[in-house]
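Chain residues, written in single-letter form:
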Amino acid sequence: MAGESRLRKTRNMGIMAHIDAGKTTLTERILYYTGRSHKMGEVHDGEAVMDWMPEEQERGITITSAVTTCQWLQHTINLIDTPGHVDFTIEVERSLRILDGVVAVFCAVGGVEPQSETVWHQADRYRVPKIAFINKMDRIGADFNNTVNQIKEKLGARPLILHLPWGREEGFQGTIDLLTMQGIRWREETLGMEYLSVGIPDSLREEAEFYREQLVETLADLDDHLMEMYLGGQEIPLTDLLAAIRRGTIDLKIVPIYCGAALRNKGVQPLLDGIIHFLPNPMDIPPVSGRNPNSKKMETRPASDDAPFAGLAFKILMDQGRKLTYLRIYSGILNVGQEILNPAKNIRERVARILRIHANKRERIEQARAGDIIGLMGLKDTTTGDSLTDLNHPIILETIEVYEPVISLAIEPKTVGQQDKIVQVLEKISQEDPTFHFRYDEDSGQTVISGMGELHLEVLLHRMEREYNLSVNIGKPQVVYRETIEETVEVEEIFDRELGGTRHQAQVRLRLIPNGRGEGNMFLHLIPEDILPQPPMEAIRSSIHEAFTSGVLSGYPVTDIKVILVSASTTESQSSEMAFRVAASMAFRNGCLKAKPVLLEPIMKLEILVPDEFLGEIIGDINARKGKIEQILPRNKIQQVQATAPLSQLFGYSTVLRSASQGRATFTMQFSHYNKVPSTQK
């Protein structure tokens, strides 16, 4: 029972948003008001607790998701502050995978911006309940109602307004709490630590009563008990309203809406109350499920100390040469010195230390339990997305989706003899970041690094210099292309050779079919099980998957191809896995050559905010870059341009945009899809 009571008082939640919506500023206030930190760090001063990396402090952005723990209303909040820049999407993805609830922060001026949509849909995919906080109500151009409407229209959510803004822009004074029908004002001299509940001013009374009625109507629509009371004209008790909001939030039917101005220390405490009242504890969410590698059956693990230990490693950090593994424990208890199993790799790991983490500070603990988010030292072979379980009760949990890189750079050491060190450092970085890849190019003698965008690679190169004292020469950015086919073909290949006195012989027939764009690769076979001898299917499958990594035009990875194994045969005496592997690989390559191979390039989605007077020039520039304008939406004196353009045409675009608009236009860019390269570009 003690374990149950502890779990009910635990909230594992994250803060997510578009870049510059104020996530880290809000997190700093949460840490200050909960007593976790005694000084409010500001992002613009480079002193935010959660932005502890030098790169983050210099740029004023969040790059890595930071974990901390704080207390509010006798509850424990494990909090993760995630990045808002699209280049660091993996940090959001792996955080959402292990969180029970999130606060989505929106800028009252910018509304629902592109990366807000991306992270919102990521949260939807993992069925994570959400609360919205509309920030920057004190900024010029702040529009609360417009942002709420965008949450409804762009995100398909059902907003439930719990707090109305009291004043706008410079006149923003506080909020109106629609649950208690009280006004709330924060005291500037206490840095917002103290606030007063006051009567609702007459000028806002009518608006508050209208939205209060809407709130009750929405909840009555979701709850039969409340509907009876509402239709009977009864006053609904606050406890019933709170319970209905909690149920609706956890069931993903509504999104409670709060507002404030984090930088001005207004609106944070009611949001903290909302996190406790409405976001789920580990026992509110369905038990985690996964496959037992021994029985191959699906099993579940309830959020309980008494269940077998199971957790998911969601992040790796190389800390002064030592490996720190971030772990979410779903069930059971973990002790220092305990031996645990990584069932996907079938290896045992020993826990040397368990750490409670506060940004870059750690506190050693002897034991961790279900619902905890902790750091582990001593794990050698565990990587992002690996399950860790009790030795006798293995389970492989759903892993974390990893995005493929779209941009590459060639690098080489500035001083002779540092190539080995480069490889060691890149190995460490790739362990931390699954969206970062590297390879050595034999022809040029250069190392090619690949990532999610220019900023992503720039940050990693600065880290190499700062943390590992390693300077490199950098080539021009290169686009990571893909290859595919446009026609269906059927190809047969026979491998028949004598090697080391043994004859190896195999026949493989493949059908190659173009898949729809974005559908990825597939391998299927049409060989009946009663055919003898049965070909070594695993050898053929792995040979085809290996062949997918290098195409026939320029050696880029192959995508969107369906490969069907039509037939495979050999004589029993001359059967060998090697023969089947080679025959399958030859058939695939020859098939690609005959099936009209084409090159695909990454197309990026752009959203540009530009003042009216520069609109013509910006549109002309996009057209010159082979871009396509999707739509233009007017926003007061600013135009929002949505467009797509090939990544190859967008290197250095931020500099061009700044100079074309006297520094007044801003843009965001994220990967959209792959498309055929025009023949003039090849």
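Criteria and cut-off values
Residues numbered from 1 in each chain as written. Predicted model: local features only at pLDDT ≥ 70, side-chain atom pairs only at ≥ 80, totals over all residues. Heavy atoms only, no water. Helix = DSSP H or I, 4+ residues; strand = E, 2+ residues; numbered from the N terminus. Rg over C-alpha atoms; globule rule 2.2 N^0.38 Å. Buried < 20%, exposed > 50% of the residue type's maximum accessible area, 1.4 Å probe, protein only. Disulfide = S-S within 2.5 Å. Polar contact = N/O pair within 3.5 Å; in protein donor to acceptor, adjacent residues only side chain to side chain. Contact = heavy atoms within 4.5 Å. pLDDT = per-residue confidence, 0-100. Phe/Tyr/Trp six-rings, centres within 6.5 Å; stacked < 30°, edge-to-face > 60°. Lys NZ or Arg CZ within 6 Å of the ring centre and 35° of its normal. Axes fitted to C-alpha atoms, helices over the stretch in contact; angles between N-to-C directions. Parallel < 35°, antiparallel > 145°, perpendicular 65-115°, else oblique. Left-handed = near helix turned anticlockwise from the far one by under 90°. Pairing = 2+ DSSP bridges.

With that out of the way, let us pick up the overall build of the chain. Within the chain one finds 16 helices and 38 strands. For 682 residues, the compact-globule estimate of 2.2 N^0.38 gives 26 Å, and the C-alpha radius of gyration of the chain, at 28 Å, lies within 12% of that figure. With the principal axes as the frame, the chain shows a C-alpha extent of 95 × 65 × 60 Å. Out of the 682 residues belonging to the chain, those deemed buried represent 55%.

Time to look at unusual backbone geometry. Trans peptide bonds make up most of the peptide bonds, and negative phi angles are found at most residues other than glycine. Although it is not a glycine, Gln-74 adopts a positive phi angle of roughly 60°. With respect to the helices and strands, the residue Gln-74 is situated in the loop between strand S2 (66-72) and strand S3 (75-81). For Gln-74, a relative accessible area of 66% corresponds to the exposed category. Positive phi values are uncommon outside glycine, yet Lys-596 reaches one of about 55°. Turning to its location among the elements, Lys-596 is positioned in the loop between helix H14 (577-594) and strand S35 (597-611). A residue is classified by how much of its surface remains accessible, and Lys-596, at 45% relative accessible area, is partly exposed.

Moving on, we get to the state of the cysteines. Applying the stated criterion to the full structure yields zero disulfides. Between Cys-259, a cysteine without a disulfide, and Cys-107, which holds the nearest cysteine sulfur, the sulfur-to-sulfur distance is 13 Å.

With respect to the helices, strands and loops of the structure, Arg-625 is situated in the loop between helix H15 (615-624) and strand S36 (628-635). You can call Arg-625 buried: its relative accessible area is 12%. Side chain to side chain, Arg-625 and Asp-621 meet in a polar contact 2.8 Å long. The contacts of Arg-625, once residues within four sequence positions are left out, are Ala-645, Pro-646, Gln-649, Leu-650, Tyr-653 and Val-656.

Now for the confidence of the model for the chain. On average, residues of the chain score 85 in pLDDT, and 91% of them reach the 70 mark or higher. Between residues 43-63, whose pLDDT stays under 50, and residues either more than four places distant or in other chains, the model counts 70 contacts.

Now for the packing of aromatic side chains. Centre-to-centre distance and the angle between the planes together describe a pair of aromatic rings. Under the definition given, this model contains nine aromatic pairs. Ring geometry for Phe-210 against Tyr-211: centres 5.2 Å apart, planes inclined by 80°, an arrangement best described as edge-to-face. Classification of Tyr-211 by relative accessible area gives buried; the value is 13%. Ring centres of Phe-436 and Phe-438 lie 6.4 Å apart, and the angle between their planes is 25°; on these two criteria the pair is classed as stacked. A cation over a ring is seen here: Lys-130 above Trp-120, with NZ or CZ 5.0 Å from the ring centre.

This part covers the packing of helix H8 (residues 224-231) against helix H9 (residues 238-250). Running from N to C, H8 and H9 point in directions that differ by 140°, and their axes come no closer than 10 Å. The pairing of H8 with H9 is recorded here as oblique in orientation. Here the hand of the crossing between H8 and H9 comes out left-handed. On the side of H8, the interface is formed by His-225, Leu-226 and Met-229, while H9 contributes Asp-240, Leu-241 and Ala-244.

This part takes up the sheet that holds strand S33 (residues 522-525). The strand order across the open sheet built from four strands is S31-S32-S34-S33, with neighbouring strands paired in mixed fashion. In the strand order of this sheet, the two ends are held by strand S31 (489-499) and S33, each with one partner. When the angles between neighbouring strand axes are averaged without regard to direction, this sheet yields 25°. Alignment of S31 against strand S32 (residues 502-514), held across 11 bridges, turns out to be antiparallel. Residue pairing in the sheet places Arg-497 in a bridge with His-504 of S32.

One open sheet holds the four strands; their spatial order is S7-S8-S9-S10, and the pairing between them is antiparallel. Edge positions in the open sheet fall to strand S7 (163-166) and strand S10 (195-198), since each of these has one partner strand only. Each strand of the sheet is rotated relative to its neighbour by a mean of 30°, with strand direction disregarded. Bridge analysis of S7 against strand S8 (residues 174-177) gives four bridges, and the strand direction is antiparallel. Bridging from a neighbouring strand, Leu-164 pairs with Ile-176 of S8. Its contacts with the sheet put helix H10 (residues 268-278) on S7, strand S9 (182-186) and S10, and the angle it makes with S9 is roughly 120°.

Here we come to H8. The opening residue of H8, the one whose side-chain oxygen lies 3.0 Å from the backbone nitrogen of His-225, is Asp-223. Downstream of H8 by a residue or two, Gly-233 has a phi angle that is positive, lying close to 75°.

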